[in-house]
Amino acid sequence: MATIDIKLDRHTKIYHETETVRGVIVVTSKNSLVHQGISLTCDGVVALTLSAKNVGRIEALYNSVKPVYMFSYATEAEKSGKLPPGKTEIPFEFVLKSKGSNKHLFETYHGVYITVQYTIKCVMKRPLLSKDLNAENEFLVELKSGAKSSVKQVPFTINRTSVQNVNTKANIPRFSIRGKLDSSQCCILRPFTGEFVVEHSETAIQSVELQLLRVETVGSVEGFAREVSTIQNIEIGSGDICRGLTVPIYMIFPRLFSCPTLDTTNFKIEFEVNIVVVFEDDSLVMENFPITITRF
Amino acid sequence: MSSETIWKPKKFNYELLMQTRKPLSPLKSTDFHPLKPITVTDSIGVKVSHVASKNEKSVQKTSKNNEIKEDFVDPLTAMSIDPLSAIVMETKNEPKKVEKTEEDSVSLEYDDEYEPWSSRKLAILQKYTTNDRLSVTMTSMSKGESRQGMGRQNQSSSISDKLKDRLGQLDDFEEGGMIEMQNLSQQEFIEKMHQLNETLIQSWNSNQKVKALKIAIQCSKLLGDLSVIQFYPSKFVLVTDLLDTFGGLVFDRILSLCNGMTADSIVPEEVPDTAREICVNWLLKIASIRELLPRIFVEASIIHCNDFLQIGETKSVLNRLTNMTCGIGDPLIAVYVRAYLCRMGVRYAPKFKGHLKTNFYDFLVTYKQIHTHPVQNKMAAQKLDMAVYLDHYIPAVEWILSSLAHKAREATMSEVLEKCRKGGNSLMLLNCCISAFNADYVSSRALALCDLINQQKDDIFPKDRVFQTLAKKVIKSDPPEDDRLPLLNDVWKLLMKIHHPKRYIACAEAWSEFAAKNFTKKEVSTILGDIIKHMLPDRAFEQHYSQLTSVVSNVLQNMKNFSDIFSMDKFLPFLDMFHNETKKVEVCKLVASAFNSIPDSTTSDPIVINGLMYICKVMHDSINALSLDDDKKAASDLISGFILKVTFGKDFEQQLSFFVECRASFYGLDSVLATLVHAVNRLSSQVNKIVKGNHTRKTSAFVRACTAYTFITIPSLQDKQLRLLLYMESGQVALTSQCITQSDAIYKSSISLIMDILTVPDKKGGMSHQNLVGFLSTFLSSLLLVPDNPDQGVLYLLRGFLNVISNTEVNLSMYTQCTIYLKILSMLTAYSQNQYIYHITKVDSNDNLYNSDPKFLEEINTLSCTILDQVLGYLSSPRLSPDKQEQKNQSICATNLFEVIIAHSDLKDDKMQRLAAVVWELANRNGFVETKGMVRILDDLKNKGGEYLRLANSLPLQSRA
């Protein structure tokens, strides 16, 4: 059995715009291998999907928004011929540069409705009766420059009065949580931090959670579709937290699933955090904070 | 043949013999001893250093020469530097620097004084157990495995797919697929944890890292479950063990990627990208764990991996995790998390102490929560009272504090104490503080601490437990002289008020040691009295024998003077509290062995003797027919030890009356009685030695009393052989003490005892041939000294003995009998001499009694002939049995007889010559005798010349066919 694989020169697989992506196509085979050419393609695509909630279910299937190509590259790595038995490495390299002169490459991001992905594909065409061999590898792109984070403390107080959902107010116990976020403009490399203190609460607290949300907006013919979904949910307090003790808020932005806040003409990627307080009687209170994520 | 047999004894002049005998040249004591270290006087090192001033070449040359020389002169000089010290020298030279710095840094931080976690672990596991049912919530592993398998096949998937797959698995394990294993017993739970540990290692080795992580997370989740609080500390130990395994695996894997770095020499800048990437990935994966508790635990378990990323990173992570712990609501869970953080901190960042204090102070804040509803509800649900609940904090708090207290300055202790005091309900905290800090610090302020404890209005945690802890410290390190008495008074004031016997005795046990160590008998006696007062109501002592025993042993260990111990009027009443027979005996043994273990001590103090007599009596009375041999032996040894320690110096009368008393008390133990007999014999000999054989009326009465004592005592022994030995010893002593009639009686009894022993069937306590012959030879030799009783016939003792041996009821083989006969034959020769070979001063043996009277000699001769007849009868008996052994025995016997003839008979007589020739032939008859030995005998005879040569020439030498 012959196998084919793509290896990149960087372990982290992180590349920046204008940098050269280098790597090798590794073909291993016991016997000599006849092929009709090995082609290598690389695409940087923003895939956009419409949520079934905003447009009809059928429309969501058919009417998906056209993907945005930021970058593409194709070459024939090897002309048709014969590879010797054993391991053969075919090097390749290309410069990572956006197609249009005014456009920039976006950072890699894996979301629900929006995905920014850079993949290298390699196909070895083979004569009759043998399947073509495929290999695929994704690399990550990070911005080289961009908005900087800043220290903008966001103090907050959560209590009965601050809760916005009026209907359930009757069920909510008397309590007060005071705290601050260290910044609402956060660097993706650094953890999201802050602290809070439970000042008092008449009902025992079950947990305090920190949610990281993505807000994806996709523009289409029918206008913008805005979708909010949870990326991760992290407990920062569990059990009936000691009153008056400062509890840190600490969360690391996950790779791939978060990227610097992005705002383009046909789509937007934004982030929010929620602080959720769950009480022993299962009633919960949530406070929302929009945040901006930056690369630097 | 029998009518022909004659015996002509050879006449010896012993004095002349003694003169002609060459004295043995005294053994030179040589300096040589094989184990002595060899000192080289001619030092080679000097030579080398001499030459060392010359150039290198010559040094090498000479050193080579030296080597050769060394070998040549003495191979052992090579050992002047023994291999061990050579190794030491080598290691000293080479890696000195590395070793030193390492050791220093470690020892500076945490040394022996610091009780390591591993030793605490076991204590915790033993202490915190439960009979309640436990539950483990786990995802089914098989499911995870199958998914993992799928993921593995799908090789070409992009990283995002892989990541999704993995995260999916994590989700899977977090949300679905739970199976809860309930109703596990404690043992099953422990097994399950070990099994998980195994699975963890297995899955790691089979490259299923995600599964390993899952197991780690799930196990740390178990620590969030407080449903069985009694078991929680043990659960903590089990889970953290597993986490340690996990952390070790992750660390080792990353380390293996860092070419050639060791765990101590990680340079973050040189860590290769791959290793760094893996490390970061682990940290990211752990950071995304949803729940707080497992996130902290798992991150803490791989905290040392931060060393790969940046110097000092471990410290900041430690701080962050410490802060994050504030988010854990339950104070008990939180304190264990903190304990784990401290443990990891101590282990991986030993120089960093900041987090320890933070951890403790944060804990103090959360400690107030014990009164909140959630905690109270949990306690109520499990029917725990507050004191028991608080008990479960102790391992964690102690650990945190001991990490904090290690090598801390005294100011730290003051600071911590102050904080504890302010908190309220602080007895538990004080307890941990006292046990954690250096004993010197604690002792120096023991009095103040005592006040502090007394001031606390804390009815949750028992004060006596704190005092108990305090006791341990003040015993370890003495408090200032002036503080001791007030301290004891203060503590005891409180102790007296405790009515709960269990709590009382636990505390009293600890403080009794303090009292025994620092105070005199007056205080200790008071304390013992108080313990008695508390223990007597409702027979409370029955439940606390072990504590009471340890009080006794504390007193014994710390008060070396037994007259003090026994003069305390409460000591014996204290022992009386042990109503349980076995416990009482145990305590008595303790006392007796403590007394016996005092080296080189004797006593004549009547108080001590009385006390110990009482104690020994208890031990003695505990022995009955059903007792095990070991028990008997232990008791006898202790009692004998005590008896031998009692001396009244020159007051022999009192000594003897003491022995009489002992005999009355310890009649049931053979070896004690034997000891008594020995002791009395020694006493008698001592007196004899002092008067140098010239007894006055008083002394002779005394030694007679001694002999009477032994004579009466011996028959009460069970063991007949022992009795026989004692008879012989006593007979000899009686004879040396000139108690002739008494010794006569003793020998008479011993002969009848021999009869007794020999008639019992062989298997039951019979003596072996060797023992019997050996013993009887000694017996016969001492008979030589015993003068005949004028009222009885000539040599009546010997006759009596002969009668015993030849008695048909006696269970003896012919061979043994003949061997004994041969001994008697030699003995008779000795009897027939004009002057016996040895005498006792002032005792006239038969030689002086009869003065070689012809009648007497005739008597001896008749006896000799009879005996010889018997022996020859045995030897010449035809081959009765085809038994080879019997034939061999006959040959041996014949050889022996031949030797006796050579040694003791008058060979100038032709008849004797003929007899010798006959016996020689008999000896060679069956071909069982070694020719070599025979040749040697012949050579010897030839050398002697005279009649011996004549004999030798007449003897044929039979070569073996």
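Remember, predicted model here, so these are calculated numbers, not experimental data.

K.L.:
Before we move on, could you go through the overall build of chain A and cite the residues and values that matter?
P.N.:
Helices and strands together make up the secondary structure of chain A, namely one helix and 21 strands. Here chain A holds 296 residues, and 32% of them are scored as buried. Put simply, of all contacts in chain A between residues at least 6 apart along the chain, 70% involve residues at least 24 apart.

K.L.:
Which residues make up the overall build of chain B, and what values go with them?
P.N.:
Assigned secondary structure in chain B consists of 47 helices and two strands. Each of the 961 residues in chain B was classed as buried or not, and the buried ones make up 36%. For chain B, restricting intrachain contacts to residue pairs at least 6 apart in sequence, the fraction spanning at least 24 positions comes to 75%.

K.L.:
Any chance you could break down helix 28 (residues 545-558) of chain B for me, citing the residues and the numbers?
P.N.:
All names here are of chain B. With 14 residues, helix 28 extends 20 Å between its outermost C-alpha atoms, agreeing within 8% with the 20 Å of an ideal straight helix rising 1.5 Å per residue. Residues Q547, L548, V551, V552, N554 and V555 constitute the buried set of helix 28. Buried residues of helix 28, seen end-on, are gathered within an arc of 155 degrees and therefore sit on one face of the element.

K.L.:
Lay out the packing of helix 46 (residues 931-944) of chain B against helix 47 (residues 946-954) of chain B with the relevant residues and their values.
P.N.:
Residues and elements named next belong to chain B. Two elements in contact, helix 46 and helix 47, have axes separated by 6 Å at closest approach and are oriented at 140 degrees. In this view, helix 46 runs oblique relative to helix 47, as classed from their interaxial angle. The handedness of the crossing between helix 46 and helix 47 comes out as left-handed. On the side of helix 46, the interface is formed by L938, L941, K942 and K944, while helix 47 contributes G946, Y948, L949, L951 and A952. Of the residues belonging to the contact of helix 46 with helix 47, the class tally is six nonpolar, one polar and two charged.

K.L.:
Pulling in residues and values, what's your account of the sheet that holds strand 12 (residues 154-159) of chain A?
P.N.:
Residue and element names in this part refer to chain A. On the basis of which strands lie adjacent, the open sheet formed by four strands has the order 12-13-15-18 and antiparallel pairing. Both edges of this open sheet fall to strand 12 and strand 18 (246-251), since each of them pairs with a single strand only. This sheet shows a mean twist of 20 degrees between the axes of neighbouring strands, independent of strand direction. Relative to strand 13 (residues 175-181), strand 12 runs antiparallel, the two being bridged by six bridges. Along strand 13, the bridge assignment pairs T157 with R178.

K.L.:
Could you give an account of the nonpolar core, with specific residues and numbers?
P.N.:
Core analysis: the largest hydrophobic core is formed by 266 residues, its most contacted members being A216, I400 and C433 of chain B. Element by element, the count of residues in this core is highest for helix 15 (residues 331-348) of chain B, at 13 residues. Setting aside chain neighbours within four positions, we find C433 of chain B in contact with L401, V416, L417 and C420 of chain B. Counting 37 residues, the second-largest nonpolar core is a separate cluster that includes L83, Y109, M124 and V141 of chain A.

K.L.:
Any details on the environment of L427 of chain B? Residues and values, ideally.
P.N.:
Residues and elements named next belong to chain B. By the secondary structure assignment, L427 is in helix 21 (residues 427-436). For L427, a count of 22 C-beta atoms within 10 Å puts it in the buried group. Along the chain, L427 and R465 lie 38 residues apart, while their C-alpha atoms are 9.0 Å from each other.

K.L.:
Outline the interface of chain B and chain A, listing residues and values.
P.N.:
In this complex, chain B contributes 30 residues to the contact, which on the side of chain A involves 31 residues. At the level of elements, helix 8 (159-175), helix 12 (273-287), helix 13 (292-301), helix 14 (313-324), helix 16 (354-367) and helix 17 (373-382) of chain B are the ones that each hand at least two residues to the side of chain B that touches chain A. The element contributing the most residues to the side of chain B that touches chain A is helix 12 of chain B, with five residues. When grouped by side-chain class, the residues that make up the side of chain B that touches chain A number eleven nonpolar, twelve polar and seven charged.

K.L.:
I'd like a description of the sheet that holds strand 8 (residues 86-95) of chain A, backed by residues and values.
P.N.:
Residues and elements named next belong to chain A. Read from one edge of the open sheet, three strands run 1-3-8, paired in antiparallel fashion. Every interior strand has two partners, whereas the edge strands, strand 1 (3-8) and strand 8, have only one. With strand direction ignored, the average angle separating the axes of adjacent strands in the sheet is 20 degrees. Bridging between strand 1 and strand 3 (residues 20-29) involves six bridges; their strand directions are antiparallel. Along strand 3, the bridge assignment pairs I6 with I25.

K.L.:
Lay out the confidence of the model for chain B with the relevant residues and their values.
P.N.:
All names here are of chain B. For chain B, per-residue confidence averages 75 on the pLDDT scale, and 81% of positions sit at 70 or higher. Confidence drops under pLDDT 50 across residues 139-160; counting only partners more than four residues distant or on other chains, this segment forms 29 contacts. Below a pLDDT of 50 lies the segment residues 165-179, which in the model reaches 17 contacts outside its immediate sequence neighbourhood of four places, other chains included. The ipTM for the predicted assembly is 0.87, set against a pTM of 0.66.

K.L.:
How would you explain helix 45 (residues 910-925) of chain B if you had to name every residue and give the values?
P.N.:
All names here are of chain B. For helix 45, with 16 residues, the first-to-last C-alpha span of 22 Å sits near the 22 Å given by 1.5 Å per residue. Turning to helix 45, its buried residues are M912, Q913, L915, A916, V919, W920, A923 and N924. Viewed end-on, helix 45 has its buried residues packed into an arc of 165 degrees, placing them on one side of the element. At its buried positions, helix 45 is contacted by helix 44 (884-904) and helix 47.

K.L.:
A description of unusual backbone geometry should follow, citing residues and the corresponding values.
P.N.:
Most peptide bonds take the trans configuration, and most residues that are not glycine carry a negative phi. All names here are of chain A. In this structure, T18 is a non-glycine residue whose phi angle is positive, near 70 degrees. Relative to the helices and strands, T18 is located in the loop between strand 2 (14-16) and strand 3. In this structure, L256 takes a positive phi of about 70 degrees despite not being glycine.

K.L.:
Could you give an account of the packing of helix 9 (residues 186-205) of chain B against helix 11 (residues 232-257) of chain B, with specific residues and numbers?
P.N.:
Residue and element names in this part refer to chain B. Across the interface, helix 9 lies against helix 11 with an axial gap of 10 Å and an inter-helix angle of 10 degrees. Compared by their axis directions, helix 9 and helix 11 come out roughly parallel. When helix 9 is examined against helix 11, the residues I190, M193, L196, N197, L200, I201 and W204 are found in contact with a partner set consisting of L238, L242, T245, F246 and L249. Tallied by class, the residues present in the contact of helix 9 with helix 11 amount to ten nonpolar, two polar and no charged.

K.L.:
So what's going on with the confidence of the model for chain A? Residues and values would help.
P.N.:
For chain A, mean pLDDT is 82; residues scoring 70 or higher make up 91% of the total. When mean pLDDT is compared element by element in chain A, strand 9 (residues 109-110) of chain A scores highest at 89, while helix 1 (residues 57-62) of chain A scores lowest at 58.

K.L.:
With reference to specific residues and values, describe the pairing of strand 15 (residues 192-201) of chain A.
P.N.:
All names here are of chain A. Bridge count between strand 13 and strand 15: seven bridges; the pairing is antiparallel. Paired with L181 across the strands is G194, a residue of strand 15. Two elements, strand 15 and strand 18, share six bridges in a ladder whose sense is antiparallel. Paired with F192 across the strands is M251, a residue of strand 18.

K.L.:
Summarise the environment of H35 of chain A; cite the residues concerned and give the values.
P.N.:
Relative to the helices and strands, H35 of chain A is located in strand 4 (residues 33-35). Taking the C-alpha atoms as reference points, H35 of chain A and K125 of chain A, separated by 90 residues in sequence, lie 5.8 Å from one another.

K.L.:
Give me the lowdown on the environment of D621 of chain B, citing residues and values where you can.
P.N.:
Residues and elements named next belong to chain B. Positionally, D621 belongs in helix 32 (residues 606-622). Judged by local crowding, D621 falls into the partly exposed class, with 16 C-beta atoms found within 10 Å. Considered as a pair, D621 and V585 are 36 residues apart in the sequence and their alpha carbons are 9.2 Å apart.

What counts and what doesn't
Residues numbered from 1 in each chain as written. Chains lettered and ligands numbered in written order. Predicted model: local features only at pLDDT ≥ 70, side-chain atom pairs only at ≥ 80, totals over all residues. Helix = DSSP H or I, 4+ residues; strand = E, 2+ residues; numbered from the N terminus. Buried ≥ 20, exposed ≤ 12 C-beta atoms within 10 Å, placed from the backbone. Contact = placed C-beta atoms within 7 Å. Expected span 1.5 Å × (residues − 1). Arc of directions from axis to C-beta. Axes fitted to C-alpha atoms, helices over the stretch in contact; angles between N-to-C directions. Parallel < 35°, antiparallel > 145°, perpendicular 65-115°, else oblique. Left-handed = near helix turned anticlockwise from the far one by under 90°. Nonpolar A, V, L, I, M, F, W, Y, C, P; charged D, E, K, R; others polar. Pairing = 2+ DSSP bridges. Core = buried A, V, L, I, M, F, W, Y, C linked by C-beta atoms within 7 Å. pLDDT = per-residue confidence, 0-100.

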